[in-house]
Each structure stands twice: as C-alpha cells, then as structure tokens.
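So the chains spell out like this:
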Amino acid sequence: MYRRPLILGWCLFALWARLLTLLDSNSSPAPWIMFQIIEDHKARAAAPPPSGEEYQHATANFVRTFNDHPPLKAPIIGVYTEAPKWVWRISIVFTIFGVPPAPAVEELEFQKTLETDFGLKQESRKSGLEVQTPGLQLRRRRKWPCCCG
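Residues numbered from 1 in each chain as written. Predicted model: local features only at pLDDT ≥ 70, side-chain atom pairs only at ≥ 80, totals over all residues. Heavy atoms only, no water.

Colleague: So what's going on with the overall build of the protein chain? Residues and values would help.
Modeller: Counting its regular elements, the protein chain contains 4 helices and 3 strands. Counting helices and strands in the order they occur from the N terminus, the protein chain gives α-α-α-α-β-β-β. Buried positions account for 13% of the 149 residues belonging to the protein chain. Accessible surface for the protein chain amounts to roughly 12500 Å². Of this, 65% is attributable to carbon and sulfur atoms. (Helix = DSSP H or I, 4+ residues; strand = E, 2+ residues; numbered from the N terminus. Buried < 20%, exposed > 50% of the residue type's maximum accessible area, 1.4 Å probe, protein only. Areas by Shrake-Rupley, 256 points an atom, 1.4 Å probe, with all protein chains shown as cover.)

What follows is the structure, given as structure tokens:
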C-alpha cells in the first residue's frame, strides 16, 4: 500500500536533485524557469512558504559590490553556484541508501478501527460525561465530595 509511493518518492527526489546539479551560472533561463514553476507548484500544494526574496536581493547586492573587481567576483559566483551542487550531490547519496531497503519494508494493513483506552479526553460541561475520542466511549464522571467536582 505504501511501498510503491515510498520508492517513487526516493526516485523522484534523486532525479530532482540530479537535475538541480546541472544548473550553473552559465545555464540558459529555460531550465531554471522550469524548476521555478515546478517548485512553486509544489510549494503552493504544501503550504505558503516565505518568498525568500530578501535573500535573493541581499545576495545580488553583495555580488554587485564586486563589479569593479572581476578577479574577486568570479570566485564568489563560483562558490554560490558550486555550494548548492554539493548539497544536491550529497542528497543523492542519501537516496542511494534509501531506495534499496524500500522494497523490503513490510507492508502492514492499516487498521480501520482504533481499540485503545488512550486518546484525547473531552469533558462535556452539560452532562458531566467524559468523552474519549478513540472508541467514542462515554463514561460517567466521578463526583468528588470536596471542591474538585
């Protein structure tokens, strides 16, 4: 039931990481625009992320300060393009260790009912009953003779 999505997730992550390692400072706009569209679609499906534009502007301003010094600017751009590649390459190594054991994961059938005495308890103020959500078991709340009840 969940073995195939697990394997598919690992493989898609490895493919995505490999594609990202192809980008560099000389890449044409087409690949990174496509990556941005896909990433934006994934992010909107998950949750609204922070825009990240602050980092983009700060980095661009920092690199622009070296416009008058081309011998210094080239290594800085090289670091900004090579560092993410190493992050993605290392993440590919993690997928190498994640994919082989995935088919060996034992498939367990999900339970349709929950049979336990543990769970969230809610008190009904009107009836004095204690409601326990797992089995929706209702119990009469014990009244204490002191001030607790």
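Colleague: Quick one: what's the story with the packing of aromatic side chains, residue by residue and with numbers?
Modeller: Remark: the centre distance and the inter-plane angle together describe each pair of aromatic rings, the angle taken between the planes. Summed over all chains, the structure comprises 2 aromatic pairs. Ring plane angle 75° and centroid distance 5.2 Å describe the contact between Trp16 and Phe35, whose orientation is recorded as edge-to-face. Linking Trp16 in helix H1 (residues 3–21) with Phe35 in helix H2 (residues 29–46), this pair joins segments that are 19 residues apart in sequence. The pair Trp16 / Phe35 is uniform in exposure class, with both members buried. (Phe/Tyr/Trp six-rings, centres within 6.5 Å; stacked < 30°, edge-to-face > 60°.)

Colleague: Tell me what's going on with the packing of helix H3 (residues 53–64) against helix H4 (residues 70–98), and back it up with residues and numbers.
Modeller: Across the interface, H3 lies against H4 with an axial gap of 10 Å and an inter-helix angle of 155°. Classified by the angle their axes make, H3 and H4 are roughly antiparallel. Residues Thr59, Phe62 and Val63 of H3 touch H4, and the partners they reach there are Lys73, Ile76, Ile77 and Tyr80. In terms of residue class, the contact of H3 with H4 is made up of 5 nonpolar, 1 polar and 1 charged. (Axes fitted to C-alpha atoms, helices over the stretch in contact; angles between N-to-C directions. Parallel < 35°, antiparallel > 145°, perpendicular 65-115°, else oblique. Contact = heavy atoms within 4.5 Å. Nonpolar A, V, L, I, M, F, W, Y, C, P; charged D, E, K, R; others polar.)

Colleague: Would you mind going over the packing of H1 against H4 in detail, with residue names and values included?
Modeller: Interaxial distance between H1 and H4 falls to 9 Å at its minimum, and their mutual angle equals 155°. It follows that H1 is roughly antiparallel to H4 by the angle criterion. The element H1 and its partner H4 pack so that their crossing is left-handed. Where H1 abuts H4, its residues Trp10, Phe13, Ala14, Ala17, Arg18, Leu20 and Thr21 lie against Lys85, Trp88, Arg89, Ser91, Ile92, Phe94, Thr95 and Gly98. Residues belonging to the contact of H1 with H4 are distributed by class as follows: 8 nonpolar, 4 polar and 3 charged. (Left-handed = near helix turned anticlockwise from the far one by under 90°.)

Colleague: Hey, could you go over the pattern of salt bridges for me, with residue numbers and the actual values?
Modeller: According to the stated counting rule, one finds 1 salt bridge in the structure shown. The salt bridge partner of Glu82 is Lys85, with a shortest N-O separation of 3.6 Å. Of this pair, Glu82 and Lys85 both sit in helix H4, separated by 3 residues, roughly a single helical turn. Lys85 sits in the buried class, given a relative accessible area of 9%. (Salt bridge = Lys/Arg side-chain N within 4 Å of Asp/Glu carboxyl O.)

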